Amino acid sequence: SCEIGRLEKTIDGFESEISEFTTLAQAFGKNGLQALLIEDAIPELEDAANEILAKLSDGSVQIFIESLRDLKKGGSRESLDIKISDERGIRPYEMFSGGEAFRIDFAIRIAMSKFLARRAGASLSLQTLIIDEGFGSQDEEGLSRLMESIYAIRQDFSKIIVVSHLPALKEQFPVHFLVEKGPFGSTVEVEERG
């Protein structure tokens, strides 16, 4: 009888531990904390990206981030889909022109940078934004909107560095770093242009 009581207490202890481990497994599983963090992040990323996209597209382009995808057999599964909407409706990313895709990418990258900096505890604005090329896909209007967007977000950065070979774009900035390749390495010259 004493032995049975001791075994029942041991079994109760194991059942309690199993219950605790089950709770922990759920909390740290794909539908637990990480799902909550993603669900919490999505609206902030959408808002930041759409704020930039509004400046780049006169408000005609928006993104929507979905974290669940309906399955044909019923139910749903976790995913991270970015839906893009413009005056023609919701279209796949591949259906946007190179210039449109670049502007969408630009907005999402800036939104993610802001989000990650804020989540890392950065109390100040992001320090530096470097944009390296990619402007060849932009038409004149696209370049103009991109410049407007860069100027619109400049208060978020201490420095914005743009790498470009396009003369029309280079002339938009007051300080130029001219890099020249030489036989013994590259040299850099700084020019202030007003």
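Here, the structure is the one placed above.
Given the structure is predicted, the values throughout are model-derived calculations rather than measurements. (Residues numbered from 1 in each chain as written. Predicted model: local features only at pLDDT ≥ 70, side-chain atom pairs only at ≥ 80, totals over all residues. Heavy atoms only, no water.)

## Let's talk about the packing of aromatic side chains
Okay, so step 1: Considering all chains together, one arrives at one aromatic pair under this definition.
Okay, so step 2: Taking 6.5 Å as the distance between ring centres and 20° as the angle between the ring planes, the aromatic pair formed by Phe102 and Phe106 counts as stacked. Placement of both Phe102 and Phe106 in helix H3 (residues 98-119) is noted, with a separation of four residues, approximately one turn of the helix. There is no split in this pair, since Phe102 and Phe106 are both buried.
Okay, so step 3: Note that Arg91 overlies the ring of Phe96, its terminal NZ or CZ placed 3.9 Å from the centroid. (Phe/Tyr/Trp six-rings, centres within 6.5 Å; stacked < 30°, edge-to-face > 60°. Helix = DSSP H or I, 4+ residues; strand = E, 2+ residues; numbered from the N terminus. Buried < 20%, exposed > 50% of the residue type's maximum accessible area, 1.4 Å probe, protein only. Lys NZ or Arg CZ within 6 Å of the ring centre and 35° of its normal.)

## Quick word on the packing of H3 against helix H4 (residues 140-153)
Okay, so step 1: Where H3 contacts H4, the two axes come as close as 11 Å, and the packing angle between them is 10°. The orientation of H3 relative to H4 falls into the category roughly parallel. From H3, Phe102, Arg103, Phe106 and Ile110 reach across to H4, where they touch Gly142, Leu146, Ser149, Ile150 and Ile153. (Axes fitted to C-alpha atoms, helices over the stretch in contact; angles between N-to-C directions. Parallel < 35°, antiparallel > 145°, perpendicular 65-115°, else oblique. Contact = heavy atoms within 4.5 Å.)

## Regarding a nonpolar patch on the surface
Okay, so step 1: Among the surface-exposed residues, Val175, Phe177, Val179, Val188 and Val190 lie close enough to one another that they form a single nonpolar patch of about 470 Å² accessible area.
Okay, so step 2: Of all elements in the fold, only strand E6 (175-182) and strand E7 (185-192) reach the threshold of two or more residues within the nonpolar patch.
Okay, so step 3: The element that contributes the greatest number of residues to the nonpolar patch is E6, accounting for three residues.
Okay, so step 4: Among the secondary structure elements, Val175 is positioned in strand E6. (Patch = residues over 30% accessible without salt bridge, like charges linked within 9 Å, V, L, I, M, F, W, Y side chains within 5 Å. Areas by Shrake-Rupley, 256 points an atom, 1.4 Å probe, with all protein chains shown as cover. Salt bridge = Lys/Arg side-chain N within 4 Å of Asp/Glu carboxyl O.)

## Comments concerning the layout of surface pockets
Okay, so step 1: Considering only enclosed or pocket space, the largest pocket measures out at about 830 Å³ in volume.
Okay, so step 2: Lining the largest pocket are 22 residues, with Ile161, Val162, Val175, His176 and Phe177 positioned closest to its centre.
Okay, so step 3: Only H4, strand E5 (157-163), helix H5 (167-170) and E6 provide two or more residues apiece to the lining of the largest pocket.
Okay, so step 4: It is E5 that contributes the most residues to the lining of the largest pocket, seven residues altogether.
Okay, so step 5: Taken as a whole, the second largest pocket spans an internal volume of roughly 260 Å³.
Okay, so step 6: Around the second largest pocket sit 14 residues that line it, and Leu45, Ile65, Leu80, Ile82 and Met112 are the ones nearest its centre.
Okay, so step 7: Among the secondary structure elements, those contributing two or more residues to the lining of the second largest pocket are helix H2 (33-57), strand E1 (62-70), strand E2 (76-86) and H3. (1 Å grid on protein atoms, 1.4 Å probe; cavity = no way out; pocket = protein on both sides within 12 Å on 5 of 7 lines; lining within 4 Å. Points joined across faces, edges and corners; volume = space filled by probe spheres on them.)

Structural measurements only, silent on function.
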